[in-house]
Amino acid sequence: MYDWVVKVDPDAVFFPDRLRKHVEPWTPHTGPGSVYVRNCGSNPWISLMGAIEVFSKKAMQKYFDEKWKCESQLSWGGWGEDYYMEHCMNLLGVDSVDDFKLL
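From a predicted model like this one, the values you see are computed outputs, not experimental measurements.

Turning next to the state of the cysteines. Applying the stated rule across the entire model yields one disulfide. The disulfide bridge from Cys-70 ends at Cys-88, spanning 1.9 Å between sulfur atoms. Across the S-S bond linking Cys-70 and Cys-88, the dihedral sits near 80°, which makes this disulfide right-handed. Here the residue Cys-70 occupies a position in helix α2 (residues 57–73), and Cys-88 occupies one in helix α3 (residues 81–91), the gap between them amounting to 18 residues. Here Cys-70 matches Cys-88 in class, with each residue buried. Unpaired in this structure, Cys-40 has its nearest cysteine sulfur neighbour in Cys-88, at a distance of 20 Å. The exposure class assigned to Cys-40 is buried, which follows from its relative accessible area of 10%.

And the structure:
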């Protein structure tokens, strides 16, 4: 099984072997904790840009188990999925790591 879940836009070019090098520092032999990768440091309103979104498997499990909290506690109508997921991960207490060279 894999340690990371990746959402890639259909018009993005994705090389899994390159991503592997980026997430290696956060992937101990026991697998990463509950974490998502913030990939944009230049926008003051959003740090998770939608071309590629990277979440640990544990972060996604937490989302599936507790997404009702995001749906009921966030005013998410009209948000893009990247903005929603960043705010939801934060609400659920999922840690973030920064990799502003990912995009």
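The biggest cluster of nonpolar side chains holds 14 residues, and the ones touching the most others in it are Phe-55, Tyr-63, Met-85, Cys-88 and Met-89. The set of elements that each furnish at least two residues to this core consists of α2 and α3. Residues in contact with Met-89, not counting those within four places in the same chain, are Tyr-36, Phe-55, Ala-59, Met-60, Tyr-63 and Val-94. Of all hydrophobic cores here, the second largest spans nine residues; its members include Val-23, Ile-52, Val-97 and Leu-102.

Of all residues in the protein chain, 99% have pLDDT values of 70 or greater, and the mean over the chain is 93. In the model of the protein chain, helix α1 (residues 16–23) stands out as the element of lowest mean pLDDT, 92, in contrast to α2, which has the highest, 97.

For Asp-82, the location among the structural elements is in helix α3. The class of Asp-82 is buried, set by a relative accessible area of 16%. In the structure, Asp-82 is positioned 31 residues away from Ala-51 in sequence and 8.8 Å away in space, judged by C-alpha atoms. Beyond its immediate sequence surroundings of up to four residues, Asp-82 is in contact with Ile-46, Leu-48, Met-49, Gly-50 and Glu-53. A polar side-chain atom of Asp-82 sits 2.9 Å from the main-chain amide nitrogen of Gly-50.

We now examine α3. Within α3 the residues assigned to the buried category are Asp-82, Tyr-84, Met-85, Glu-86, Cys-88 and Met-89. Buried positions along α3 lie against β2 (35–38), β3 (52–56) and α2. Gly-93 lies just past α3 and shows a positive phi near 80°.

Evaluation of the coordinates by the stated rule reveals five aromatic pairs. Note on Tyr-63 and Tyr-84: the rings are 6.4 Å apart at their centroids and 85° apart in plane angle, and the pair reads as edge-to-face. With Tyr-63 in helix α2 and Tyr-84 in helix α3, the pair connects residues that are 21 residues apart, well separated along the chain. We note that Tyr-63, like Tyr-84, is buried. Seen in terms of ring centroids, Trp-79 and Tyr-83 are 4.9 Å apart; in terms of plane orientation they differ by 90°. Their pairing is edge-to-face. Look at Trp-79 and you get partly exposed, because its relative accessible area is 28%. Three or more aromatic residues joined by ring pairs form one cluster here, namely Tyr-63, Phe-64, Trp-76 and Tyr-84.

Scoring rules and cut-offs
Residues numbered from 1 in each chain as written. Predicted model: local features only at pLDDT ≥ 70, side-chain atom pairs only at ≥ 80, totals over all residues. Heavy atoms only, no water. Disulfide = S-S within 2.5 Å. Helix = DSSP H or I, 4+ residues; strand = E, 2+ residues; numbered from the N terminus. Buried < 20%, exposed > 50% of the residue type's maximum accessible area, 1.4 Å probe, protein only. Core = buried A, V, L, I, M, F, W, Y, C linked by side-chain atoms within 4.5 Å. Contact = heavy atoms within 4.5 Å. pLDDT = per-residue confidence, 0-100. Polar contact = N/O pair within 3.5 Å; in protein donor to acceptor, adjacent residues only side chain to side chain. Phe/Tyr/Trp six-rings, centres within 6.5 Å; stacked < 30°, edge-to-face > 60°.

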